[in-house]
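Here is what each chain is made of, one letter per residue.
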Amino acid sequence: MSDVVCLGILVADVWGKPIDEWPEKGRLSLVESMGIGVGGCAANSGLSLVKMGVDVAVMGKVGRDGFGSFVASEIEAAGADVSGIGFDDEVGTSATMVMIDSGGERTFIHCIGANATVRPGELDMDLIRSAKIFDFAGALVMPGFDGEPAASVLAAAQDAGVVTCMDTVWDATGRWLELLAPCLAHVDYFLPSMSEAVEITGETEPGRVAQVLLDRGVGTVALKMGEEGCYVRSVDRELRIPAYLVEAVDGTGSGDAFVAGFIQGLLKGWDLEDTAHFAGAVGALCVTGIGTTAGVRDFAGTIDFLVERDGDRWLVMNS
């Protein structure tokens, strides 16, 4: 059985760079590079963890089509357990067109596809209950699973003694807290972006945002704040961790890489501050390569980066 189960959205990403403006209708524009890769929060976080040597199972759903075969085979080839990935015969694989501008900022056009058809009754709950950490990765774009169904799975994981984590994506339907409210009391670590958390809570200051979520039952809140780093809050700790500055090539997947780094810290038993620093380093390294996980390093390589930036205290963590 796997130490971490990442359940959530699985996506085929088709990306192009640089795209700084739309072509006129009916016209052709050229880009320097274009490619296809595996995306979606569950795949991104899971594959980043695999790179760092963690035993991971990725769970979710794809269509029985070319995109689906590509996504499942790439995840399996990377070393993750794919026994929990289902194939839908009627709905196509979720896909995203990723437009990356010259500065590395991303714009997305997304098709929910088979991610919409995940249901609790289809999941291997024994796989989830046997894990150390269960990561619900991609809440708010899984209409068949969001809300009470997701809450039931998170609660079952907690009842089995599994640590629960949750991440979100932008909710284009605007339902935010309506969908998340049933889940929050069953989430040990909630790791949304600051922009998403503002929409969820209606607050704009990190401390107030975190307090709303803690009051809803979340154990610890870690807000991803891009170039401002992250803000972490639990009942008895409050941390503001600055970002590690790197040359950004592509920001795709950086938030999911942060989540993977945070989960790695939890597995290592580190305190919140070290965990948040490590998560920030994994997220920063992610943006140095094109694609969702290309820039992510293995565990030792991430420690080397932290030694370079923060000093030799990280050498004792390389175990």
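So, here is what we can say about the structure in this document.

What counts, and at which threshold
Residues numbered from 1 in each chain as written. Predicted model: local features only at pLDDT ≥ 70, side-chain atom pairs only at ≥ 80, totals over all residues. Heavy atoms only, no water. Salt bridge = Lys/Arg side-chain N within 4 Å of Asp/Glu carboxyl O. Core = buried A, V, L, I, M, F, W, Y, C linked by side-chain atoms within 4.5 Å. Buried < 20%, exposed > 50% of the residue type's maximum accessible area, 1.4 Å probe, protein only. Helix = DSSP H or I, 4+ residues; strand = E, 2+ residues; numbered from the N terminus. Pairing = 2+ DSSP bridges. Axes fitted to C-alpha atoms, helices over the stretch in contact; angles between N-to-C directions. Contact = heavy atoms within 4.5 Å. Lys, Arg positive; Asp, Glu negative; His and termini not counted. Polar contact = N/O pair within 3.5 Å; in protein donor to acceptor, adjacent residues only side chain to side chain. Patch = residues over 30% accessible without salt bridge, like charges linked within 9 Å, V, L, I, M, F, W, Y side chains within 5 Å. Areas by Shrake-Rupley, 256 points an atom, 1.4 Å probe, with all protein chains shown as cover. 1 Å grid on protein atoms, 1.4 Å probe; cavity = no way out; pocket = protein on both sides within 12 Å on 5 of 7 lines; lining within 4 Å. Points joined across faces, edges and corners; volume = space filled by probe spheres on them. Nonpolar A, V, L, I, M, F, W, Y, C, P; charged D, E, K, R; others polar. Phe/Tyr/Trp six-rings, centres within 6.5 Å; stacked < 30°, edge-to-face > 60°.

**Here's the deal with the pattern of salt bridges**
This structure, assessed with the given rule, holds 12 salt bridges. Residue E178 pairs with R175 through a salt bridge whose shortest N-O separation is 3.0 Å. Between R208 and E203 there is a salt bridge, with its nearest N and O atoms 3.0 Å apart. Through salt bridges with shared partners, one network takes in K61, D88 and E122.

**Here's the deal with the nonpolar core**
Counting residues in hydrophobic clusters, the biggest one holds 105 residues, and the most contacted among them are I75, F134 and M166. No other element matches helix α9 (residues 272-286), which puts 9 residues into this core.

**Some words on the sheet that holds strand β3 (residues 33-39)**
A sheet is described by the order of its strands in space; here 4 strands give the open sequence β3-β2-β6-β7, paired in mixed fashion. Of all strands in the sheet, those bounded by a partner on one side alone are β3 and β7 (106-111). Averaged over all pairs of adjacent strands, the angle between strand axes in this sheet comes to 20°, irrespective of strand direction. Pairing of strand β2 (residues 11-17) with β3 involves 7 bridges; the strand directions are antiparallel. Bridged to D13 within β3 is G37. Against the sheet, helix α2 (residues 66-78) makes contact with β2, β3 and β6 (95-100), and its axis sits at roughly 70° relative to β3, the strand it touches most.

**Section: the side chain of D171**
On the secondary structure map, D171 appears in the loop between β9 (163-168) and α5 (176-184). The buried charged residue D171 lacks any salt bridge partner; its closest oppositely charged side chain belongs to R175, at an N-O distance of 6.1 Å. A polar contact of 2.5 Å, which involves the side chain of D171, links it to the side chain of T173. Excluding residues that lie within four positions of it along the chain, D171 makes contacts with L140, W176 and L179.

**A closer look at the pairing of strand β1 (residues 4-8)**
Walk down a regular strand and you will see the side chains alternate between the two sheet faces. With 5 of 5 residues buried, β1 is to be regarded as a mostly interior element. The pairing of β1 with strand β4 (residues 56-63) spans 4 bridges and is classified as parallel. Looking across to β4, one finds that C6 is bridged to V58. Examined bridge by bridge, β1 and strand β8 (residues 133-139) share 5 bridges and lie parallel to one another. Residue L7 lies in a different strand from β8, and its bridge partner there is F136.

**Some points on a nonpolar patch on the surface**
On the surface, V14, W22, V31, M34, I36, F67, M97 and I109 cluster together to form a nonpolar patch covering roughly 760 Å² of accessible area. Inspection of the secondary structure assignment puts V14 in strand β2. A relative accessible area of 31% places V14 in the partly exposed class.

**Things to note about the layout of surface pockets**
Here the second largest pocket is characterised by a volume of approximately 310 Å³. Forming the boundary of the second largest pocket are 16 residues, of which I19, P23, V31, M34 and M99 lie nearest the centre. Among the secondary structure elements, those contributing two or more residues to the lining of the second largest pocket are β2 and β6. Of the residues contributing to the lining of the second largest pocket, the split by class is 12 nonpolar, 2 polar and 2 charged.

**Overview of the environment of A137**
By the element assignment, A137 lies in strand β8. Classification of A137 by relative accessible area gives buried; the value is 1%. Each residue touching A137, except ones within four places of it in the same chain, is listed here: L7, G8, I9, C41, A42 and D167.

**A word on the packing of aromatic side chains**
The relative placement of two aromatic rings is captured by the distance of their centres and the angle of their planes. Applying the stated criterion to the full structure yields 9 aromatic pairs. Their ring planes at 35° and their centres at 6.2 Å tell us that W270 and F299 sit as a pair that is tilted. Pair noted here: W270 is in the loop between α8 (254-268) and α9 and F299 is in helix α10 (residues 299-310), with a separation of 29 residues, a long-range link. When its relative accessible area of 15% is taken as the criterion, W270 is described as buried. We classify F299 as buried; its relative accessible area is 9%. Ring geometry for F278 and F299: centres 5.6 Å apart, planes at 40°, overall tilted. Taken together, the positions of F278 in helix α9 and F299 in helix α10 put the pair 21 residues apart, joining distant regions of the chain. Each of the two residues, F278 as well as F299, counts as buried. Of the aromatic side chains, those joined through ring pairs into one cluster are W270, F278, F299 and W314.

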